[in-house]
Amino acid sequence: MAGRGRGVGAFTFNIEALGIGRGSMPDARVGPNPLFPNIDFKPVPLKRGEEEEYMLALKQEMRGTMQQLPHHIKFPNNKAEVERYTERYLKQSQIDDANWTPDWNFLPKELMPQKKKPLVKPGPKKKTVKISQKDSEAMLSKLDELAKKDDGNPEKSDEETEKKKGNEEEEEEIEAEEYEEEDVEEENDYIDSYFDNGEEFGAGSDENMDAEATY
Amino acid sequence: MSAQEVRLCGLLLQEHFGEVVEKVGTHLLKSGAQNLRMLIHETGISLDLVKKSLCVLVQHGACVFTSGRKGPGSPTEYRTGCDRILRILRYPRYIYTAKTLYGDTGELIIEELLQRGHMTMSSTVKTVADRLTQNMEEGRSMDYNEVSNAFSKLVETHFLQRCPPMVKARPKDSATPAAPLIPGAPAAPVSTPLPTPESFPDCYKVPHVTLAGRGKRQLSSEDGDDQKNAKKAKMDSQTHGDEGICWQVNFERFHLHFRDQAIISAVANKLDQTSSEIVRTMLRMSEVTTSPTATCTKPLSANEIFRSLPTSYNILRPILDQYLTLLVDDPMEFVGKAGESGGGMYVVNMHRALANLARATLESVVQERFGSRSARIFRLLLRKRHLEQKQVEDFAMIPAKEAKDMLYTLLSQNLVQLQEIPKTPDYAPSRTFYLYTVNQLPTARMLLQNCYKTVANLIERRLYESKESKRLLEKSQRIEAILASLQASGAEPEQLTEVEEMITAPEKQQLEALRLHINKLDSAENQVDETIFLIESYVSSTASTS
């Protein structure tokens, strides 16, 4: 298309032939589409009925229950500055977290929780680790009695034995953990440097230059 | 899998399994198969949490693991797919279907299994019996036997199936006791691709379970959630003879049921109740004989159909013949004629039916979004395949200017495609045919993606709404808790009303409005999923025929 003037005669043919006349071209677009565009036709109302109502109730119930199951995992960063009333419920759910022991026959061995976990799991688990096998058995029988009274935690024995099994993979996992710590440090470094640069950003940026030029 | 699917999966995972699982899950979705080490490195989540979330994902069947893909001894790799995670959206429908088919017991069995991924039969039966007992009046309880019967029925009809046993990659697994593995299951060779549950012969075999007794009522009836029951079930540790055999919900079987129901109700809407009963009978007769992916059912003679019709319908033989002829002549092609012998052989065209239902869905989407006249153009193009602009204007009997406008709108929305056919090789517009056409399959796929996006948006909106009034919700929950505890301790009515008045009238109004919005959004999610199901089935049916 060399030799043709800029913006003139962009087409090699008569545009009228396509049925596009003067004034029938749409307006040029300015900016992105609106987030909530107007629609020409109102949406049809939702189906209402016994079936729908029941499914709705099921859905909401399901969601509620699933969030209380131990399968629901949150980040353990609930170190709020102010202790709130709701905190008590959070603690409750965290205790439940520990209670879930999956059937390891269906899972790969490497996923079993390891024996040493100094950082991640506070509370009951850490204690059981340090007690020797004999002590723990005595303790367990005591715990069982207690459990009957106030609904204690019966799964400790399972976890104990599983942790023993996990020994083999331990070395590998510790390595992995070290690796991880490095990672965290690196991230912090990066963020710090980013902030340093950020302060200078406002003055010399391209945007401002452009703005001046147009005046 | 598309970006929309991944986004929706992420939201679903977050809602049901929490943020950590969501992060691990979406990472797996985006990056394909990965081993544990890589996963920890790339997500930056602690080892312990990653392990736990993988356990959750595997437990719920949303993640599969294989070892030794890159040669023996290579680390275990985890993989997940959108398909299984998107099923979460359909959970209410599975549960509701189980209720309609097998009553409250069936409902609770499916619910429990969906909530926990997979469970052994004995623990399911116990939990369900306890829950049923909880809801019964004082002094009555549910027998375990009754629940196990319902369970066996669900297995017999293939709505439940055994989880496939884990493929043992390394023989040196001294850590696991070998005994509780499923007896009689074949030792699957390491090199086989992922085993499907159906590939095991015992898939639908109910083990002998020794379970006697009745559901127990919880003594402290303060908070009767099932979690405590589950704990209880674990506590009494006597064996029931089915340890190590876990059961899961067979989604495929449910989908077949949904598909049949969709066809039946479509016939009922299009023709009448009687013809839908005839189709229902045909589908029921061929349920066992036809494979799930077959294009049409095995041919059934009119005589056979007549004999299998329930007598309560009072359909006479000549009337049945008339109905069958009517069904065959119907443009929706639900029923086809396969031969003349035996008074006429008839089949139900599964794939044609799905294609036609999907087409009807597309048409109605165009109609509701762009108006009935645009829908007329759309249908015209579907029927006539390729048309020039002038022909569209003429056939649709719409003034040229408006027709052009509608056609271009449809084109810009990708519902209509444009095909250029030049008469000369230079593509000069004056010597080129411009043919408009509708490609059903790609359009259906696009609509499917739109549906995923819609559901994701709905969830996002719902989260936003509940976040906005988080304080209010918490307050009302707290007050409800206080009220409950007061009532339990036998407080005076004045005290109760005093506590109740802690929520002011405008707050009550706000809460009511919020509840209404959330219900609407939830309901919409459920109903969009029906469309998703239909289009998914259509798309997968075209994949299996070609």
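Residues numbered from 1 in each chain as written. Chains lettered and ligands numbered in written order. Predicted model: local features only at pLDDT ≥ 70, side-chain atom pairs only at ≥ 80, totals over all residues. Heavy atoms only, no water.

### Things to note about unusual backbone geometry
Trans is the common state for peptide bonds, and a negative phi is the common state for residues other than glycine.
All names here are of chain B.
Here's step 1: One non-glycine residue, His158, adopts positive backbone phi at about 70°.
Here's step 2: Tracing the backbone through its elements, the reader meets His158 in the loop between α8 (144-156) and β5 (160-162).
Here's step 3: At Met397, a position not held by glycine, the phi torsion is positive, near 55°.
Here's step 4: Checked against the element boundaries, Met397 lands in the loop between α16 (389-396) and α17 (400-412).
Here's step 5: Judged by its relative accessible area of 69%, Met397 is exposed. (Helix = DSSP H or I, 4+ residues; strand = E, 2+ residues; numbered from the N terminus. Buried < 20%, exposed > 50% of the residue type's maximum accessible area, 1.4 Å probe, protein only.)

### So, the UniProt feature "domain: DNA-directed RNA polymerase III subunit RPC3 winged-helix" (unreviewed entry) in chain B
Here's step 1: The feature "domain: DNA-directed RNA polymerase III subunit RPC3 winged-helix" (unreviewed entry), as given by UniProt, occupies residues 362-438 of chain B in the numbering adopted here.
Here's step 2: End C-alpha atoms of residues 362-438 of chain B are separated by 11 Å, and the span's content is 56% helix alongside 18% strand. (UniProt positions renumbered as here; feature names shortened; annotations may be inferred.)

### As for the pairing of strand β9 (residues 345-348) of chain B
All names here are of chain B.
Here's step 1: Where burial is concerned, the two faces of β9 agree: the one with Met345 and Val347 and the one with Tyr346 and Val348 are both buried.
Here's step 2: Where strand β7 (residues 300-301) lies against β9, 2 bridges are found, and the strand directions are antiparallel. Across the sheet, Ser301 pairs through a bridge with Met345, a residue of β9.
Here's step 3: With 4 bridges connecting them, strand β8 (residues 335-339) and β9 associate as antiparallel partners. Looking across to β9, one finds that Val335 is bridged to Val348.
Here's step 4: Hairpin connection from β8 to β9: 5 residues lie between these consecutive antiparallel strands, with Gly342 at a positive phi of about 60°. (Pairing = 2+ DSSP bridges.)

### Brief notes about the pattern of salt bridges
Here's step 1: A full pass over the atoms with the stated rule returns 34 salt bridges over all chains.
Here's step 2: Where B:Glu525 meets A:Lys59, a salt bridge forms, and the shortest distance between an N and an O atom there is 2.9 Å. You can see B:Glu525 sitting in helix α21 (residues 505-545) and its partner A:Lys59 sitting in helix α1 (residues 50-68), one on each of two chains. Like A:Lys59, B:Glu525 is buried.
Here's step 3: Between B:Asp330 and B:Lys270 there is a salt bridge; the shortest N-O distance is 3.2 Å. Of this pair, B:Asp330 sits in the loop between α13 (317-329) and β8 while B:Lys270 is found in helix α10 (residues 251-270), placing the two residues 60 residues apart along the sequence.
Here's step 4: By relative accessible area, which is 9% here, B:Asp330 ends up buried. (Salt bridge = Lys/Arg side-chain N within 4 Å of Asp/Glu carboxyl O.)

### Things to note about the sheet that holds β8(B)
Whether parallel or antiparallel, the strands of a sheet pair through hydrogen bonds between backbone atoms.
Residues and elements named next belong to chain B.
Here's step 1: Taken in spatial order, the 3 strands make up an open sheet running β7-β9-β8, and their pairing is antiparallel. Both edges of this open sheet fall to β7 and β8, since each of them pairs with a single strand only.
Here's step 2: With respect to the sheet, helix α11 (residues 273-286) is in contact with β7, β8 and β9, its orientation differing from that of β9 by roughly 85°. (Contact = heavy atoms within 4.5 Å. Axes fitted to C-alpha atoms, helices over the stretch in contact; angles between N-to-C directions.)

### A few points about the sheet that holds strand β4 (residues 119-120) of chain B
Residues and elements named next belong to chain B.
Here's step 1: Strand order in this open sheet of 3 strands is β4-β6-β5, and the pairing throughout is antiparallel. Strands with a single pairing partner mark the edges of an open sheet, and in this sheet they are β4 and β5.
Here's step 2: Where β5 lies against strand β6 (residues 246-249), 3 bridges are found, and the strand directions are antiparallel. Note on β6: the bridge partner recorded for Gln161 is Gln248.
Here's step 3: Those strands touched by helix α6 (residues 91-116) are β4, β5 and β6, and its axis lies near 100° from that of β6.

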